[in-house]
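Okay, here's what each chain looks like letter by letter:
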Amino acid sequence: MNKILTALLCGITLNAMADDVAIQSRLKALGAKQIEIKNSPVAGIKTAVTDEGIIYVTEDGKYAFQGKLYELTNKGPVDVSGKLLMDKLNAYKNEMIVYPAKNEKHVVTVFMDITCHYCHLLHQQVQAYNDLGITVRYLAFPRAGMNTETAKQMEAIWTAKDPVFALNEAEKGNLPKSLKTPNIVKKHYELGVQFGVRGTPSIVTSTGEVIGGYLKPADLLAALEE
């Protein structure tokens, strides 16, 4: 009896693996790369984390949809898609440029571009965000892509001996003179794409929700405390 049960369990595992392989194969045929298959909170649906973002696929691999998946809770909707990527985002914490709040109430991660007017406006008020208890962490997201001077400048900023000073100087118009191949910036950019970032600033909350666009300090605090 135990042998039969073990065989059945092994068969179930193999079938699940086969389904995952089939899903990966179908998505690769559509041009997706770096595909990681995970379970989802919805029965019969798999989560595929790809270089182009998160895609939800039926277990038979016949149907797929892309977009936000929310869990409806008593405290309001929770962005399941963004929450799934938070471990990856937090793994980059040592590569972030951080402006910590002394009396921290909230932590946000901002995908920013040094050529972005609204990123500049946000950065000018970073102390005001800190004063409200909001820690601001920056990741690089050159809007025009990786094959740009901006991406190389941002790499120089993020890999500087004092990245905070380098970013502050860049925001004053004193851009780095040396350009670097965007390696760290490439990782940040790819993560931003997975989060669905299309413009900057894009603000990611601690729960993985993405707030697109600039918000004044008081308005951001209100959004975080809803």
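Look a little higher up for the structure.
A quick note: this is a predicted structure, and the numbers were derived from the prediction, not measured.

Membership of the largest hydrophobic core comes to 49 residues, with the highest contact counts inside it found for Met112, Tyr138 and Phe195. Summarising the domain contributions, this core has at least three residues from each of domain 1 (13–67) and domain 2 (86–225). If sequence neighbours within four positions are ignored, Phe195 has contacts with Lys68, Gly82, Leu85, Met86, Leu89, Phe111, Val204, Gly208 and Val210. By size, the runner-up hydrophobic cluster in this structure holds 8 residues, among which are Ile23, Ala32, Ile35 and Ala48.

Now for unusual backbone geometry. The amide bond that connects Thr200 to the next residue, Pro201, takes the cis arrangement and shows omega of -5 degrees. Its place among the elements puts Pro201 in the loop between helix 7 (184–195) and strand 10 (202–204). Phi is positive for Gln34, which is not a glycine, with a value near 50 degrees. Mapping Gln34 onto the fold places it in the loop between helix 1 (2–29) and strand 1 (36–39). The class for Gln34 is exposed, based on a relative accessible area of 56%.

A word on the sheet that holds strand 2 (residues 45–50). One open sheet accounts for 4 strands, arranged 1-2-3-4; its pairing is antiparallel. One side of each edge strand has no neighbouring strand; the edge strands of this open sheet are strand 1 and strand 4 (64–66). In this sheet, neighbouring strand axes are inclined to one another by 30 degrees on average, regardless of whether the strands run parallel or antiparallel. Pairing of strand 2 with strand 3 (residues 53–58), which is carried by 6 bridges, proceeds in the antiparallel orientation. Across the sheet, the residue bridging to Thr50 is Gly53, located in strand 3. Sitting on the sheet, helix 2 (residues 80–90) touches strand 1, strand 2 and strand 3, and the angle it makes with strand 3 is about 120 degrees.

Cut-offs and rules
- Residues numbered from 1 in each chain as written.
- Predicted model: local features only at pLDDT ≥ 70, side-chain atom pairs only at ≥ 80, totals over all residues.
- Heavy atoms only, no water.
- Core = buried A, V, L, I, M, F, W, Y, C linked by side-chain atoms within 4.5 Å.
- Buried < 20%, exposed > 50% of the residue type's maximum accessible area, 1.4 Å probe, protein only.
- Domains from an automatic or database assignment.
- Contact = heavy atoms within 4.5 Å.
- Helix = DSSP H or I, 4+ residues; strand = E, 2+ residues; numbered from the N terminus.
- Pairing = 2+ DSSP bridges.
- Axes fitted to C-alpha atoms, helices over the stretch in contact; angles between N-to-C directions.

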